[in-house]
Amino acid sequence: MKSLKKFLAMLLLLCMAVSTLAGMDADDILSADLPVAYGDVQFRQRVLERTKGERSPVGLVLSGGSARAFAHIGVLKYLEEQDIVVDFIISNSMGSIVGLMYAAGLSPDQILESITGVSIQSLFDTTLPLQGGFLDSARFLAKVASILGPDLKLETLPIPIIVINEDLVTKRQIHISEGDYYTILRGSFALPVYFPPVEFRGHLLLDGGVTNIVPVDLAYEYADSVIVSTTFYDVDTLNLKNPLTVLNVSLDIGKRRRGVEELKRSLDDVIWIRNDVEDVSFMEFSKVDYLAQKGYESALLQEQALSGVYKSGISADLSQLRLQLQKTIQNGKAQYDLFNHVPVNV
């Protein structure tokens, strides 16, 4: 009976979403290539406030890549050592986990400490796929909330960020730079089958990395100076007869192709940090330290190109925020240890 109620609730949610978006050309096939943006005007204003109109902003694109995306932590660490603190971030998929934590004020070392302090696998529970996915992210969200606090909005984060999603309802890409932090975080990695789609303003969000792992073009709508950190997948020892592998590789074909197309259009201008993690499996979450180190080393190879990037350094406000967050990291660990013993799927 409980399973039937959950199914009916999901069906009702889908019907409501379709109804809500009826006036948004949801049935217009020719609108499929037009993204829906939330918070764009405010995002542009926030970027302008950072530059004061005196220079071009510095943008950073963090690609998806499952576990490999933790290489972005090392990239951010190297950038900060060079006094490069970007003016905005464009991200999708697992790149958004790192991007959203960084945009909220955590230093690269604090992100690493937060992630390595627990078993990543323990943060996700398996569940019946009544909501559209086999994994529940409640523990992971609770872990992040124990550090950053429960009430966060994207539009108030220290660093502006746009998270790219796909929408099951309109079949359009969704660019989000405002709204509830945890809803958007959960939607950013809602990989089909693995995680359920996430309701947001009538949309049902999916991981934006399913169609494009490296969204470079969008960054150039806001800046001339763009750094791109990629974590492609290039393992040649896969069992291509394994059903799960077939699904993952099938998804990878299209999103890699689109990402490469956008990257090639900007190769003469972009600073491309190609993280040397392409031989790491998408589920190797136990290699966070290794991945972060490889990201740092890969960024170091672009030392000359990065030398010309504007160096704002870490502001006093951001430094103060990080001191406060360090305390909550320790408190959050204690809270998580308690929560970890409480079942979440009831």
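Conventions we followed
- Residues numbered from 1 in each chain as written.
- Predicted model: local features only at pLDDT ≥ 70, side-chain atom pairs only at ≥ 80, totals over all residues.
- Heavy atoms only, no water.
- Helix = DSSP H or I, 4+ residues; strand = E, 2+ residues; numbered from the N terminus.
- Axes fitted to C-alpha atoms, helices over the stretch in contact; angles between N-to-C directions.
- Parallel < 35°, antiparallel > 145°, perpendicular 65-115°, else oblique.
- Left-handed = near helix turned anticlockwise from the far one by under 90°.
- Contact = heavy atoms within 4.5 Å.
- Nonpolar A, V, L, I, M, F, W, Y, C, P; charged D, E, K, R; others polar.
- Phe/Tyr/Trp six-rings, centres within 6.5 Å; stacked < 30°, edge-to-face > 60°.
- Buried < 20%, exposed > 50% of the residue type's maximum accessible area, 1.4 Å probe, protein only.
- Lys NZ or Arg CZ within 6 Å of the ring centre and 35° of its normal.
- Expected span 1.5 Å × (residues − 1).
- Arc of directions from axis to C-beta.

All right, on to unusual backbone geometry then. One non-glycine residue, K52, adopts positive backbone phi at about 55 degrees. Its place among the elements puts K52 in the loop between α2 (40-51) and β2 (58-62). With phi around 50 degrees, S93 is a residue other than glycine that occupies positive phi space. Here S93 lies in helix α4 (residues 93-103).

In this section: the packing of helix α6 (residues 138-148) against helix α7 (residues 181-188). Between α6 and α7, the least distance of the axes is 11 Å, while the angle of their chain directions is 140 degrees. By the angle class used here, α6 and α7 are oblique. Helix-helix and strand crossings are classified by hand; for α6 and α7 the assignment is right-handed. Residues F140, L141, V144, A145 and L148 of α6 pack against Y181, Y182, L185 and R186 of α7. Here the contact of α6 with α7 is built from residues that sort into eight nonpolar, no polar and one charged.

This paragraph deals with the packing of aromatic side chains. If you walk through the whole model with that rule in mind, you get nine aromatic pairs. Here Y181 and Y182 contribute two aromatic rings whose centre-to-centre distance is 5.0 Å and whose plane-to-plane angle is 75 degrees, an arrangement assigned as edge-to-face. Just as Y181 is buried, Y182 falls in that class too. Through pairs of rings, three or more aromatic residues link up here, namely F43, F88 and Y222. Seen from the ring of Y290, K287 lies directly overhead, with NZ or CZ sitting 5.6 Å from the centre.

The terminal C-alpha atoms of α2 lie 17 Å apart, and with 12 residues this matches the ideal 16 Å at 1.5 Å per residue to within 8%. Of the positions making up α2, those classed as buried are F43, R46, V47 and T51. Along the long axis of α2, the arc covered by the buried residues comes to 135 degrees, so they all point the same way. The exposed residues of α2 that point more than 90 degrees off its buried face are V41 and E49. Buried residues along α2 sit against β3 (88-92) and β6 (161-167). Positioned one or two residues after α2, K52 has a phi angle of 55 degrees, which is positive.

Here we come to the packing of helix α3 (residues 71-81) against helix α5 (residues 108-116). With their axes 8 Å apart at the nearest point, α3 and α5 run at an angle of 155 degrees to one another. If you check the angle between α3 and α5, you find them roughly antiparallel. Between α3, through I73, L76, K77 and E80, and α5, the contact on the second element is made entirely by P108, D109, I111, L112 and I115. Residue composition of the contact of α3 with α5, grouped by class: six nonpolar, no polar and three charged.

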